Amino acid sequence: MIVGCSCSYFANLQVSIIEGEQLNALQWQDGGEAALVGAEVAKEFCIFPGEWFSLGGRMFRCAGIMGQSRDVSQLDMQEVILLPADVMAGWFGQIVHELSIDVPESMLPDLVAVMASDLLYQNRGVESNAVSMQLQAEAADNVLFVFVDVLKWVALVCMIVGGIGVMNILLVSVGERRREIGIMQSLGMNRCQICLLFLCEASLYAVVGGFCGVLFGIALIHVAGNNIGLSPIVNVLDCVVVFLATVAMGLVFGVLPAAKAGSMQPVAALRDD
């Protein structure tokens, strides 16, 4: 995407220049042949600072490579080529497709959007669609909340499946250790002690599985964040809550195997070989 803008608009974007340099005041005013190239575009087409490249049959010199914008913007500055507004106007004409308005902190963005639409219609007779970044941010937040809720239910289902796996393992273990359970009962262990033994074993499975799951999740978050260009933030409290939830889930699903082991009769257990 080719974007034309003024020096003041570029300053409001607060774009980071990771290589090369920004356009100077003379280049912004005279509309020279210098351009700023996004990092992703430069990587794809092997464009380096100081090199000339062809854009629609016209040669431009790459002054600098742009990183991510530190301000709220509808554009990903890493995927655009930025030119002075005069160059764009002389190349594509004076037609204006979009206006961006910087809203003061003391005013509501929706009110400014309505005022701008009214002024355009009254002075130019142009009907426009005014959209504030606040509305777009709220819509993005709503989508994010829905996505997070879906992930919570998916995590709950995964924990239930893991708890069922722990229960099945313990049930198989109880069946294979019938003789061992009978010997423990004949040596004086009561039902509560045997139940506690299997509950401890279930909690051990849950602790090991929860710890490995948290470590794997943190590693996966960092790998995914680096691939999509985001900086993940891991909340320690969330990790602790998830870990405790896995331990509790293991204990809940370990009750049935523990109860089965505790209710086993010593004579019946020792009779099996």
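Residues numbered from 1 in each chain as written. Predicted model: local features only at pLDDT ≥ 70, side-chain atom pairs only at ≥ 80, totals over all residues. Heavy atoms only, no water.

Those residues of helix α7 (residues 178-186) lying buried are Ile-181, Gly-182, Met-184 and Gln-185. Along the axis of α7, the buried residues cluster in a sector spanning 160°; they form a single face. Directly after α7, the chain includes Gly-188, whose backbone phi takes a positive value near 115°. (Buried < 20%, exposed > 50% of the residue type's maximum accessible area, 1.4 Å probe, protein only. Helix = DSSP H or I, 4+ residues; strand = E, 2+ residues; numbered from the N terminus. Arc of directions from axis to C-beta.)

By the element assignment, Leu-251 lies in helix α9 (residues 236-253). The class for Leu-251 is partly exposed, based on a relative accessible area of 35%. Through-space distance from the C-alpha of Leu-251 to that of Leu-199 is 6.3 Å; in sequence the pair is 52 residues apart. Not counting the four nearest positions on each side in its chain, Leu-251 is found in contact with Leu-199 and Ser-203. (Contact = heavy atoms within 4.5 Å.)

Turning to the packing of α9 against helix α10 (residues 255-262), a few remarks are in order. Following both chains from N to C, one finds α9 and α10 inclined at 35°, their axes separated by 4 Å at the closest point. Here Leu-251, Val-252 and Phe-253 of α9 lie close against α10, whose contacting residues are Val-255, Leu-256 and Pro-257. Considering only residue class, the contact of α9 with α10 consists of six nonpolar, no polar and no charged. (Axes fitted to C-alpha atoms, helices over the stretch in contact; angles between N-to-C directions. Nonpolar A, V, L, I, M, F, W, Y, C, P; charged D, E, K, R; others polar.)

A few words on the packing of aromatic side chains. Under the counting rule described, the total for this entry stands at two aromatic pairs. Ring centres of Phe-10 and Trp-28 lie 5.6 Å apart, and the angle between their planes is 40°; this geometry places the pair in the tilted category. Of the two residues, Phe-10 sits in helix α1 (residues 7-13) while Trp-28 sits in helix α2 (residues 25-30), which places them 18 residues apart along the sequence. Comparing Phe-10 with Trp-28, the two get one shared label, buried. (Phe/Tyr/Trp six-rings, centres within 6.5 Å; stacked < 30°, edge-to-face > 60°.)

Another aspect to go through is a nonpolar patch on the surface. There is a patch of nonpolar side chains on the surface, built from Leu-144, Phe-145, Phe-147, Val-148 and Leu-151 and spanning about 480 Å² of accessible area. Mapped onto the elements of the fold, Phe-145 is located in helix α6 (residues 133-176). With relative accessibility at 53%, the residue Phe-145 sits in the exposed group. (Patch = residues over 30% accessible without salt bridge, like charges linked within 9 Å, V, L, I, M, F, W, Y side chains within 5 Å. Areas by Shrake-Rupley, 256 points an atom, 1.4 Å probe, with all protein chains shown as cover. Salt bridge = Lys/Arg side-chain N within 4 Å of Asp/Glu carboxyl O.)

Summed over the entire model, instances satisfying the criterion amount to one salt bridge. Its salt-bridge partner being Glu-33, residue Arg-58 comes within 3.4 Å of it at the nearest N-O pair. Separated by 25 residues along the polypeptide, Arg-58 in strand β5 (residues 58-69) and Glu-33 in the loop between α2 and β3 (34-38) bring together distant segments of the chain. Residue Arg-58 is classed as partly exposed on the basis of its relative accessible area of 27%.

Our next topic: the nonpolar core. Membership of the largest hydrophobic core comes to 15 residues, with the highest contact counts inside it found for Val-37, Phe-53, Phe-60, Ile-81 and Leu-83. Breaking this core down by element, the ones donating at least two residues are β3, α3 (39-45), β4 (52-55), β5, β6 (81-84) and α4 (85-92). With residues near it in sequence (within four places) discarded, Leu-83 still touches Ile-2, Val-3, Gly-4, Cys-5, Trp-28, Ala-34, Ala-35, Leu-55, Phe-60, Met-88 and Trp-91. (Core = buried A, V, L, I, M, F, W, Y, C linked by side-chain atoms within 4.5 Å.)

This paragraph deals with the pairing of β3. Within β3, five of the five residues are buried, leaving the element largely enclosed by the surrounding structure. Residues Ala-34, Leu-36 and Gly-38 line one face of β3 and the alternating positions Ala-35 and Val-37 line the opposite face, and both faces are buried.

Another aspect to go through is the state of the cysteines. A covalent bond bridging the sulfur atoms of two cysteines is what the word disulfide describes. Following the criterion strictly, the structure yields zero disulfides and no others. Left unpaired, Cys-5 is separated from the closest cysteine sulfur, that of Cys-7, by 8.4 Å. Its relative accessible area of 5% is what places Cys-5 among the buried residues. In this structure Cys-192 is a free cysteine whose sulfur lies 6.5 Å from that of Cys-195, the closest cysteine sulfur available. (Disulfide = S-S within 2.5 Å.)

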